[in-house]
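# Structural description and commentary
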Amino acid sequence: MTLVPGPWQRAAAGARLLGGNGEVAPTIFAEMTALAARTDAINLGQGFPDEDGPAEVLDAARRAIAEGLNQYPPGRGTPDLLRAIAEHQQRFYGLAWDPGTEILVTAGATEALTATLLALLEPGDEVVVFEPFYDSYAAAIALAGARLVPVRLRWPAFQPDADELASAVTDRTRVILINDPHNPTGAMFSQDTRELVVRLAERHDAIIVTDEVYEHLAFGAEHSPVAAMPGARGRTVSISSAGKTFRTTGWKIGWLTAPSALVTAILTVKQYLTYANGSPFQPAIAAGLRLPDAFFTGLAEDMRAKAETLGRGLEAAGFAVSRPAATYFTVVDTRPLGFDDAASFCRALPARGGVAGVPLGAFVTEEHDGEFRSLVRFAACKRIDVLREAADRLAQLAGSTR
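So, here's what we can say about the structure. (Residues numbered from 1 in each chain as written. Predicted model: local features only at pLDDT ≥ 70, side-chain atom pairs only at ≥ 80, totals over all residues. Heavy atoms only, no water.)

### Things to note about the nonpolar core
Within the largest apolar cluster, 97 residues are counted, with the highest numbers of intra-cluster contacts made by Phe-130, Leu-165, Ile-176, Val-237, Phe-319 and Phe-378. Of all the elements, helix α5 (residues 108-120) adds the most residues to this core, at six residues. Not counting the four nearest positions on each side in its chain, Phe-130 is found in contact with Val-151, Leu-153, Pro-160, Leu-165, Ile-176, Leu-177, Ile-178, His-182, Phe-189 and Val-197. (Core = buried A, V, L, I, M, F, W, Y, C linked by side-chain atoms within 4.5 Å. Buried < 20%, exposed > 50% of the residue type's maximum accessible area, 1.4 Å probe, protein only. Helix = DSSP H or I, 4+ residues; strand = E, 2+ residues; numbered from the N terminus. Contact = heavy atoms within 4.5 Å.)

Pasting the structure below:
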């Protein structure tokens with residue numbers, strides 16, 4: 001019998017998860033986390049907080065459990081959370097969405113992205129993605145039988161070249177996928193880039209899909225959704241989640257907003273993935289979205305201070321540092337320390353420097369791996385005392401490499 005690779009195998013290969021023998025290989029994130037545990041290193045590789053979210057949100061989840069909200073919620077999401085998302089979009093961005101037809105609650109942003117791409121793509125379609133990119137993008141695109149077309153974000157500013165972007169978008173482009181604020185680089189796209197994306201989508205009749213999970217973690221200029229730009233609302237699916245904003249990454253409550261026809265298409269797929277999830281967490285996130293402005297501004301300021309603490313430590317260690325504009329992440333170049341292979345550097349760093357990071361090569365296509373070969377991503381979403389200890393350890397590393 002000849003075994004033909006199925007869609008899941010294609011997806012794993014698309015995300016660079018298959019080993020040479022065809023078995024699923026561990027991700028670099030799992031590998032670095034295990035290595036950090038073995039060496040008692042500070043894990044700045046994976047992007048999850050080490051502090052709980054606001055008490056109002058946690059208490060609301062406990063009340064919901066105690067009150068018996070433990071069975072399936074409606075497939076679109078609980079009515080109160082749908083209303084809270086609509087209120088949030090109007091409050092922060094001036095966008096009006098119908099809670100009943102233009103909003104969908106999902107099992108985190110990853111499910112929202114996957115359901116969206118499976119619903120909108122057909123085999124042979126092209127998806128323009130900014131590289132480096134969150135690793136699940138490649139898997140979802142491969143599952144749909146579509147083709148990923150990368151547009152590079154180059155060190156150190158991590159902004160796309162306008163000509164390269166314009167060349168990448170053609171009449172074969174079905175989706176332009178944007179992650180802004182951007183993981184893994186910490187960059188925010190310029191207004192010129194955002195306007196160009198909208199023009200190209202209009203010219204080639206493409207749909208814009210935006211991953212905005214770090215929307216409330218911008219340090220300077222506030223985040224503004226592409227959907228709020230002239231001409232974009234009718235062709236944009238905007239995706240976000242509660243995990244980063246409320247430090248509840250394990251709850252997996254995400255959502256998307258889009259015109260009703262797009263939401264209906266996405267729901268058709270989503271109902272066969274999880275159908276519904278997180279019943280007691282949905283009222284808790286509704287409470288979180290209604291927190292006063294001071295919570296959201298304080299969240300961004302706290303993350304900015306942490307990013308600056310980590311950045312100073314990385315610079316003291318001798319790295320070249322790309323200072324982030326948003327998100328959990330800071331990217332560095334290891335070449336000033338005499339290393340040009342970030343993967344090897346990251347595997348040695350926990351034992352040698354007591355800190356773990358991940359190579360940026362985990363977020364790029366094999367075709368362009370060499371361009372990002374010396375770059376490493378570190379996550380600053382840890383307690384400030386942990387980051388200071390990491391900075392001290394990295395400073396000692398600087399002395400040992402010179």
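Next comes the rest of the description.
### A short note on unusual backbone geometry
Residue Pro-132 follows Glu-131 across a cis peptide bond; omega there is 10°. Along the chain, the position of Pro-132 falls in the loop between β3 (126-131) and α6 (136-143). At the junction of Trp-155 and Pro-156, the peptide bond is cis and its omega measures out at 0° in the coordinates. Examined against the element boundaries, Pro-156 turns out to sit in the loop between β4 (147-152) and α7 (162-168). Positive phi is not limited to glycine here, since Asp-40 has a value of about 60°. You can see Asp-40 is positioned in the loop between α2 (28-39) and β1 (42-43). If you check the backbone angles, Tyr-275 has positive phi at about 65° while not being a glycine. What makes Tyr-275 partly exposed here is its relative accessible area of 40%.

### Concerning the sheet that holds strand β10 (residues 329-333)
Across the sheet, which stays open at both edges, the four strands sit in the order β9-β10-β13-β12 with antiparallel pairing between neighbours. Single-partner strands in this sheet number two, and they are β9 (320-322) and β12 (358-359). Pairing of β9 with β10, which is carried by three bridges, proceeds in the antiparallel orientation. Looking at the pairing, Ser-322 lines up with Val-331 of β10. Lying over the sheet, helix α12 (residues 342-353) contacts β12 and β13 (375-379), oriented at roughly 40° with respect to β13. (Pairing = 2+ DSSP bridges. Axes fitted to C-alpha atoms, helices over the stretch in contact; angles between N-to-C directions.)

### A few points about the layout of surface pockets
Each pocket or cavity is described by its volume, and for the second largest pocket that value is around 560 Å³. Gly-47, Thr-110, Tyr-134, Tyr-214 and Lys-244 are, among the 26 residues lining the second largest pocket, the residues nearest its centre. (1 Å grid on protein atoms, 1.4 Å probe; cavity = no way out; pocket = protein on both sides within 12 Å on 5 of 7 lines; lining within 4 Å. Points joined across faces, edges and corners; volume = space filled by probe spheres on them.)

### Re the pairing of β13
For β13, a buried count of five out of five residues is recorded, marking the element as mostly surrounded by other parts of the structure. Neither face of β13 is open: one carries Leu-375, Arg-377 and Ala-379, the other Val-376 and Phe-378, and all of them are buried. Here two bridges tie β12 to β13, and the two strands are oriented antiparallel to one another. Note that in β13 the partner of Pro-359 across the bridge is Val-376.

### Some points on the pattern of salt bridges
Going through the model one piece at a time under the given rule, you end up with 26 salt bridges. With a closest N to O distance of 2.7 Å, Glu-51 and Lys-306 form a salt bridge. Here Glu-51 is found in the loop between β1 and α3 (55-66), whereas its partner Lys-306 is found in helix α11 (residues 293-316), with 255 residues between them in sequence. The exposure class assigned to Glu-51 is partly exposed, which follows from its relative accessible area of 32%. Lys-306 gets classed as buried once you look at its relative accessible area, which sits at 5%. With its nearest N and O atoms 3.9 Å apart, the salt bridge here joins Arg-194 to Asp-180. Of this pair, Arg-194 sits in helix α8 (residues 191-204) while Asp-180 sits in the loop between β5 (173-179) and α8, and the two are 14 residues apart along the sequence. An identical accessibility class is assigned to Arg-194 and Asp-180; each is buried. The network of salt bridges with common partners includes Glu-51, Arg-247, Asp-302 and Lys-306. (Salt bridge = Lys/Arg side-chain N within 4 Å of Asp/Glu carboxyl O.)

Geometric descriptors of this kind do not, in isolation, establish any biological role.
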